[in-house]
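Fold and contact review
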Amino acid sequence: MKMRTPIPESITTPAKIETRLGTLEFPQGNPTDRTAEKVYEHLDFMHGVEAFLYALPGASVHAAGRGIKSQGGDNQTVLIIEQLMDSRSLFLTASTESIYSMMWLDLKEGPLVIESPPNILGIVNDHWFRYVGDIGNAGPDQGKGGKYLLLPPGYKDEVPAGYFVLRSATYQNLYFWRGFIKDGSTATAVENTKKFAKVYPLADAKTPPPMKYIDVSGKYFNTIGGNDFSFFEDIKEIVQSEPNDAYSPEILGMLAAIGIEKGKPFNPDEKLKQTLSEAVAVGNATARTIAFKPWIRDAYLHPGSAWFFTFVGGSYQFLSHPGVRNLAARDLFHYNYTGITSAMAFEMVGIGSKYVFASTDSEGRPLEGAKTYKIELPPNIPAKDFWSFVVYDNQTRSMLQTDQQFPSLGSKDKDIVINADGSVDVWFGPTVPKGHENNLGPDCSRRGLGCAVALVWTREELVRQVLEAGRVRTGEITTHKKGTTMKRKLLNATLALSGAVTLLTGYETTAHAEQDAPTLAEMRAIAKEAYIYGYPLVDNYRVQYAYYVDEKNPNFKAPWNHLKNIHSVFTPADTSVQTPNSDTPYSWAGLDLRAEPIVISVPAIEKERYYDVEIWDAYTFIVGYAGSRTTGNDAGSFMLVGPGWKGVTPKGIKKVYVSDTDFGVVVIRTQLFNPADIDSVKKIQAQYKMQPLSEFLGTTPPPAAPAVDFIKPLAKEEQKTSLEFFNIMNFVLTYSPTVPSEVDLRERFAKIGIEGGKTFDPTKLSPEMKTAIEQGRADAWQAFAGGVEELDEGKITSGDVFGSREFLKDNYLNRWIGTIGIYGNAKEEAMYPVYRLDSAGNPLSGANKYTLHFAAGEYPPVNAFWSLTMYDLPQSLLVANPINRYLINSPMLPQMNKDADGGLTIYIQNESPGKDKESNWLPAPKGPFAAYMRLYWPKQTALDGSWKQPKLEEVK
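Residues numbered from 1 in each chain as written. Predicted model: local features only at pLDDT ≥ 70, side-chain atom pairs only at ≥ 80, totals over all residues. Heavy atoms only, no water.

An unreviewed UniProt entry annotates the protein as DUF1254 domain-containing protein originating from Adhaeretor mobilis.

Turning next to the overall build of the protein. Regarding its fold elements, the protein presents 18 helices and 43 strands. For the protein, buried positions account for 56% of its 956 residues. In the protein, the share of contacts with a sequence separation of at least 24, taken over all contacts with a separation of at least 6, comes to 74%. Accessible surface, the protein: about 41000 Å² in total, of which carbon and sulfur atoms supply 51%. (Helix = DSSP H or I, 4+ residues; strand = E, 2+ residues; numbered from the N terminus. Buried < 20%, exposed > 50% of the residue type's maximum accessible area, 1.4 Å probe, protein only. Contact = heavy atoms within 4.5 Å. Areas by Shrake-Rupley, 256 points an atom, 1.4 Å probe, with all protein chains shown as cover.)

Two pairing modes exist for strands in a sheet, parallel and antiparallel, and in both the strands are linked by backbone hydrogen bonds. The strand order across the open sheet built from 5 strands is E26-E27-E33-E29-E30, with neighbouring strands paired in antiparallel fashion. Looking at strand neighbours, the two that pair on one side only are strand E26 (564-565) and strand E30 (622-627), the edges of this open sheet. When strand E29 (residues 611-617) meets strand E33 (residues 663-670), the two strands line up antiparallel, connected through 7 bridges. By the bridge assignment, Val613 is partnered in E33 with Ile668. (Pairing = 2+ DSSP bridges.)

Among the nonpolar cores identified, the biggest contains 79 residues, and Tyr533, Trp588, Phe726, Met729 and Ile754 are the most heavily contacted of them. Of all the elements, helix H10 (residues 520-549) adds the most residues to this core, at 17 residues. Once you skip the residues sitting within four places of it in the chain, Phe726 turns out to touch Ala527, Ala530, Tyr531, Ile754, Phe760 and Ile773. Residues Leu79, Met102, Ile123 and Val312 belong to the second largest nonpolar core, which totals 37 residues. (Core = buried A, V, L, I, M, F, W, Y, C linked by side-chain atoms within 4.5 Å.)

This part is about the pattern of salt bridges. Within this structure, the stated rule accounts for 28 salt bridges. Among the ionic pairs, Asp539 bridges to Arg542, the shortest N-O distance being 2.9 Å. With Asp539 and Arg542 both in helix H10 and 3 residues apart, the pair spans about one turn of that helix. Overall, the relative accessible area of 13% leaves Arg542 in the buried class. Taking the shortest distance from any N to any O, the salt bridge between Asp660 and Arg805 comes out at 3.0 Å. Residue Asp660 is located in the loop between strand E32 (655-658) and E33, and its partner Arg805 is located in helix H16 (residues 805-808); the two are separated by 145 residues in the primary sequence. On the basis of relative accessible area, Asp660 is assigned to the partly exposed category, the value being 25%. (Salt bridge = Lys/Arg side-chain N within 4 Å of Asp/Glu carboxyl O.)

Two quantities define a packed helix pair, namely the angle between the helix axes and the distance between the axes. It is at 9 Å that the axes of H10 and helix H14 (residues 743-750) come closest, and there the two elements cross at 120°. Overall, the two elements H10 and H14 adopt an arrangement that is oblique. For the pair H10 and H14, the sense of crossing is left-handed. Facing Ile526, Glu529, Ala530 and Tyr533 of H10, the residues of H14 in contact are Leu745, Arg746, Arg748 and Phe749. (Axes fitted to C-alpha atoms, helices over the stretch in contact; angles between N-to-C directions. Parallel < 35°, antiparallel > 145°, perpendicular 65-115°, else oblique. Left-handed = near helix turned anticlockwise from the far one by under 90°.)

Looking now at the side chain of His47. Along the chain, the position of His47 falls in helix H1 (residues 33-70). Overall, the relative accessible area of 17% leaves His47 in the buried class. With near-sequence residues (within four places) excluded, His47 lies in contact with Met254, Ala257 and Ile258.

Taken together, the side chains of Val39, Tyr40, Leu43 and Met46 make up a nonpolar region of the molecular surface, amounting to roughly 340 Å² of accessible area. Note on placement: Val39 falls in helix H1. Assessed through its relative accessible area of 33%, Val39 is described here as partly exposed. (Patch = residues over 30% accessible without salt bridge, like charges linked within 9 Å, V, L, I, M, F, W, Y side chains within 5 Å.)

So, about helix H11 (residues 678-686). Turn by turn, an α-helix covers 3.6 residues, leaving residues three or four places apart pointing in a common direction. Residues of H11 that are buried include every one of Ile678, Val681, Ile684 and Gln685, and no others. When H11 is viewed along its axis, its buried side chains cluster within an angular range of 120° and face the same direction. Among the exposed residues of H11, those oriented more than 90 degrees off its buried face are Lys683 and Ala686. Of the surrounding secondary structure, the elements contacted by the buried residues of H11 are E26, strand E27 (586-592) and E33. (Arc of directions from axis to C-beta.)

A few words now on the sheet that holds strand E43 (residues 952-954). Ordered by their spatial adjacency, 4 strands build an open sheet running E41-E40-E37-E43, and the pairing between neighbours is mixed. Among the strands making up the open sheet, the edge pair consists of strand E41 (921-923) and E43. Across the sheet, the mean angle separating the axes of adjacent strands is 30° when strand polarity is ignored. Where strand E37 (residues 850-854) and E43 come together, 3 bridges link them in antiparallel fashion. Bridge assignment links Tyr850 to a residue of E43, and that residue is Glu954.

So, about the packing of aromatic side chains. As enumerated under the stated definition, the model contains 53 aromatic pairs in all. Taken together, a centroid distance of 6.2 Å and an interplanar angle of 70° make the contact between Tyr531 and Phe726 edge-to-face. Here Tyr531 is found in helix H10, whereas its partner Phe726 is found in helix H13 (residues 724-734), with 195 residues between them in sequence. Each member of the pair, Tyr531 as well as Phe726, carries the same accessibility label: buried. Just above the ring of Trp781 sits the side chain of Lys720; from NZ or CZ to the centre is 5.3 Å. (Phe/Tyr/Trp six-rings, centres within 6.5 Å; stacked < 30°, edge-to-face > 60°. Lys NZ or Arg CZ within 6 Å of the ring centre and 35° of its normal.)

On to the side chain of His334. You can see His334 is positioned in helix H6 (residues 327-336). Judged by its relative accessible area of 3%, His334 is buried.

Where H10 meets H13, the axes come as close as 9 Å, and the angle between the chain directions of the two elements is 70°. Compared by their axis directions, H10 and H13 come out roughly perpendicular. Here H10 runs over H13; the crossing is left-handed. From H10, Ala527, Ala530, Tyr531, Tyr533, Gly534, Tyr535, Leu537, Val538 and Tyr541 reach across to H13, where they touch Phe725, Phe726, Ile728, Met729, Phe731, Val732 and Leu733. Residues of the contact of H10 with H13, tallied by class, amount to 15 nonpolar, 1 polar and no charged. (Nonpolar A, V, L, I, M, F, W, Y, C, P; charged D, E, K, R; others polar.)

The next thing to look at is the confidence of the model for the protein. Within the protein, residue pLDDT values average 86, and 88% of them lie at 70 or more. pLDDT under 50 marks residues 346-352. Its contacts with residues more than four places away, or in other chains, come to 34 contacts. In this model residues 448-516 is a low-confidence stretch, pLDDT under 50, and it forms 308 contacts with partners more than four residues away in sequence or in other chains. (pLDDT = per-residue confidence, 0-100.)

The next subject is the environment of Gly627. Mapped onto the elements, Gly627 comes out in strand E30. Note on Gly627: relative accessible area 1%, which makes it buried. For the pair Gly627 and Arg669, spaced 42 residues apart in the sequence, the C-alpha separation amounts to 9.2 Å. Excluding residues that lie within four positions of it along the chain, Gly627 makes contacts with Tyr611, Asp612 and Gly632.

Attention now moves to unusual backbone geometry. Note that the residue after Leu873, namely Pro874, is joined by a cis bond; omega there is 10°. Summarising the element assignment, Pro874 is placed in the loop between strand E38 (866-872) and strand E39 (887-889). Phi at Leu84 takes a positive value of approximately 75°, unusual for a residue other than glycine. On the secondary structure map, Leu84 appears in the loop between strand E3 (77-80) and strand E4 (98-106). Assessed through its relative accessible area of 13%, Leu84 is described here as buried.

Time to look at H13. With 9 of 11 residues buried, H13 lies mostly within the body of the structure. In this structure, the buried side of H13 is in contact with H10, H14 and helix H15 (767-792).

For the rest of this paragraph, the subject is the environment of Pro891. Its location among the elements puts Pro891 in the loop between E39 and strand E40 (904-909). Separated by 26 residues in the primary sequence, Pro891 and Phe865 place their C-alpha atoms 7.4 Å from one another. Aside from chain neighbours lying at most four places away, what touches Pro891 is Gln671, Phe673, Phe865 and Trp866.

Position of His567 among the secondary structure elements: in the loop between E26 and E27. Under the relative-accessibility criterion, His567 is labelled partly exposed at 39%. Put simply, His567 and Gln685 are 118 residues apart on the chain and 8.2 Å apart in space, counted from C-alpha to C-alpha. A polar contact of 2.8 Å, which involves the side chain of His567, links it to the side chain of Gln685. (Polar contact = N/O pair within 3.5 Å; in protein donor to acceptor, adjacent residues only side chain to side chain.)

Below is the structure:
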């Protein structure tokens with residue numbers, strides 16, 4: 001049998017292939033030796049070119065670090081250019097209007113604390129020139145100054161509270177910032193830097209070492225990398241000094257293919273060195289072409305325009321789509337510019353920068369230094385801070401070195417002449433017509449140059465309005481030669497092009513929406529505030545949906561405004577509510593107060609039995625109580641009303657409770673003395689009654705409230721990671737009218753789309769907006785962790801996290817901490833001393849054994865009863881165990897063994913302490929856990945702190 005089938009020609013390789021490499025030969029599919037030599041040589045060349053383009057950002061920041069270190073800049077030394085940047089130093093397209101300060105930070109010895117001065121624009125970039133974080137006006141401190149913690153790669157230790165946390169993927173990082181001229185002087189910015197700018201190891205936070213400040217004004221030093229073989233030497237140093245997982249495996253693999261690999265020497269032979277030298281020349285030519293004559297259409301102000309922007313696509317990560325890198329945009333930026341910050345890429349009024357460049361005339365001719373040019377700027381340049389032209393050298397991409405110290409001209413020049421219509425004529429070149437001397441920029445004779453406009457604190461749409469032809473007058477270059485005038489529109493240019501004239505500007509627009517648009521830093525701060533405020537609302541909604549909406553949920557209780565009596569205590573099978581008690585059978589009801597008030601009626605209950613009716617609104621503020629402590633154990637009816645209710649209190653109503661939200665929760669706890677007592681509890685629960693007010697009064701009911709399309713909640717873990725969180729928050733806020741004390745707060749939330757009745761759609765966020773909001777969420781969780789730590793250390797107690805709006809006021813963080821035990825009681829009703837740490841300050845774990853000892857007569861002081869309940873972590877749910885015991889409480893004392901001195905010892909561990917001690921055993925899980933003590937109706941000695949809970953001791 002012959003096995004022959006047709007072979008598609010497309011899958012075969014011809015014996016000879018004519019290519020740009022010459023003829024490649026594959027007799028019978030095998031490459032000849034000469035072909036293999038050509039291919040591998042070409043592969044080395046391609047890898048070399050790609051290495052230049054892909055590693056260009058890293059080489060650029062590495063060169064900056066080398067320049068900073070050459071002047072003494074390190075972890076404790078700040079370089080300050082106190083008298084403004086001039087052309088003596090070689091910096092990629094720097095400006096002459098800012099007070100630059102810079103440091104090269106090394107995290108090899110551990111985290112560094114950064115204390116920032118007020119009113120700066122600061123950036124931290126890693127060793128591959130990627131964004132780590134903004135500090136100052138664009139950072140979470142919002143220009144007020146603050147403490148940041150910069151963490152090294154792979155840092156897994158506990159992060160202390162009190163810092164804005166930045167995480168770097170590399171050990172070495174560039175940190176630089178700009179201060180601002182005030183009243184024509186640099187003094188304030190310099191003074192603030194020397195007074196407030198500090199960097200020190202976290203380990204030395206209590207006694208930071210002194211800082212050094214070096215003025216490098218007017219000094220020559222180079223921060224620009226080479227475009228020859230030295231480029232690869234720089235990349236080698238980065239690869240050797242940084243972890244491999246700090247960068248893409250594909251790119252590191254490409255570098256390894258040409259001999260640059262961590263832990264190995266880079267010693268190319270003469271042939272490879274020659275190939276790589278040619279490759280870097282081609283790579284440089286490629287990057288320079290992309291930077292000076294960009295082919296990205298979106299870079300230009302409009303088709304046919306000569307102006308183009310430094311950032312393309314509005315992403316500081318250069319993402320054209322999620323997961324898709326715009327490589328040309330990245331090369332365009334990094335070849336000519338220094339500093340990656342979300343503020344520059346994010347088009348929002350009030351922060352960041354906009355740079356527009358050109359280096360040729362409308363006919364594509366390079367600007368010539370021997371000619372005099374006139375640039376006509378239209379009226380009303382949208383500059384909040386300033387605008388400025390800066391001329392750069394095409395070769396160095398730094399400020400052009402001329403006889404003029406600062407090769408720039410701008411709005412901060414006091415004598416600049418503004419035309420009657422508000423327009424400005426800017427001149428630069430060797431000569432200028434008489435009468436225009438004050439508007440003369442630098443003499444650029446004998447040099448090639450480019451022209452660029454950088455708009456600071458602006459928005460691209462308004463830049464287009466100012467410069468776009470056909471809408472307003474385009475800035476023009478007018479060439480003056482032999483008495484004739486030729487008008488040439490500026491051709492687009494990339495980045496702060498070398499030899500470029502840079503117009504720096506910022507503005508305040510008259511449009512109200514633009515004035516209110518938040519900056520990235522504001523978005524981050526608002527997101528943090530909103531998340532802290534909103535977490536209790538979203539978590540409460542998760543529980544309400546399971547209990548009163550989703551009939552298929554195993555935890556479903558009853559429809560809205562129907563009471564569900566639970567004739568048993570909570571067990572490990574109950575998973576909807578964190579830290580449930582197992583002392584008291586519950587009765588649950590979800591409140592919908594939109595149509596009319598709801599009345600709850602209770603029977604007379606024996607005085608020995610404790611019960612409470614607790615009413616919560618959707619914010620998780622406690623609206624009020626009925627029960628043993630507040631209204632006694634007599635029978636009575638209580639009315640619950642929604643926001644804005646203005647009726648009169650009907651006869652037969654003992655008390656009225658006003659909720660700030662349309663939806664709420666009622667929890668009734670009825671004390672169970674012992675398992676044999678359950679029938680008595682059932683009889684009491686059967687007499688609890690919940691009725692609409694019309695039914696209670698026997699009157700005609702009002703029209704029903706509109707049906708609600710309840711949106712699906714997030715799972716508890718998803719609430720930590722999904723931005724759908726804010727959409728659910730918006731849904732809850734729809735039925736939570738703004739209270740007078742929170743008007744400003746809710747207006748701030750609305751700035752980032754958090755508003756009742758609105759949809760929050762994360763897919764419509766730009767990458768920068770999404771990052772800012774996610775950073776705000778992370779900041780919120782950091783604050784939460786700090787609060788939990790204070791709870792563990794006893795600095796705050798459960799009494800600080802549950803209560804009414806009047807009690808908690810605007811302490812929304814404490815309200816969030818209260819969700820650890822959602823629907824907990826106010827301290828007057830019950831106290832919850834929590835055990836998360838043992839007496840030595842170590843987290844509790846079932847891998848250890850513990851004892852809790854009460855001295856004789858030192859039981860928790862209560863008017864009702866007390867208990868100690870076990871919860872696993874992090875779920876905070878009851879723990880299944882072989883004896884089905886989830887707590888120990890005071891009604892159990894008669895069955896427990898007492899110590900010889902009359903005291904009581906409770907054994908807390910995973911395995912039984914032995915039959916003789918099992919009556920006193922509270923079973924623990926195998927892993928981490930917490931134990932909650934509950935003091936129902938605590939006495940004054942508990943409330944005022946006179947009584948102290950005993951410590952939990954580990955048994956060694």
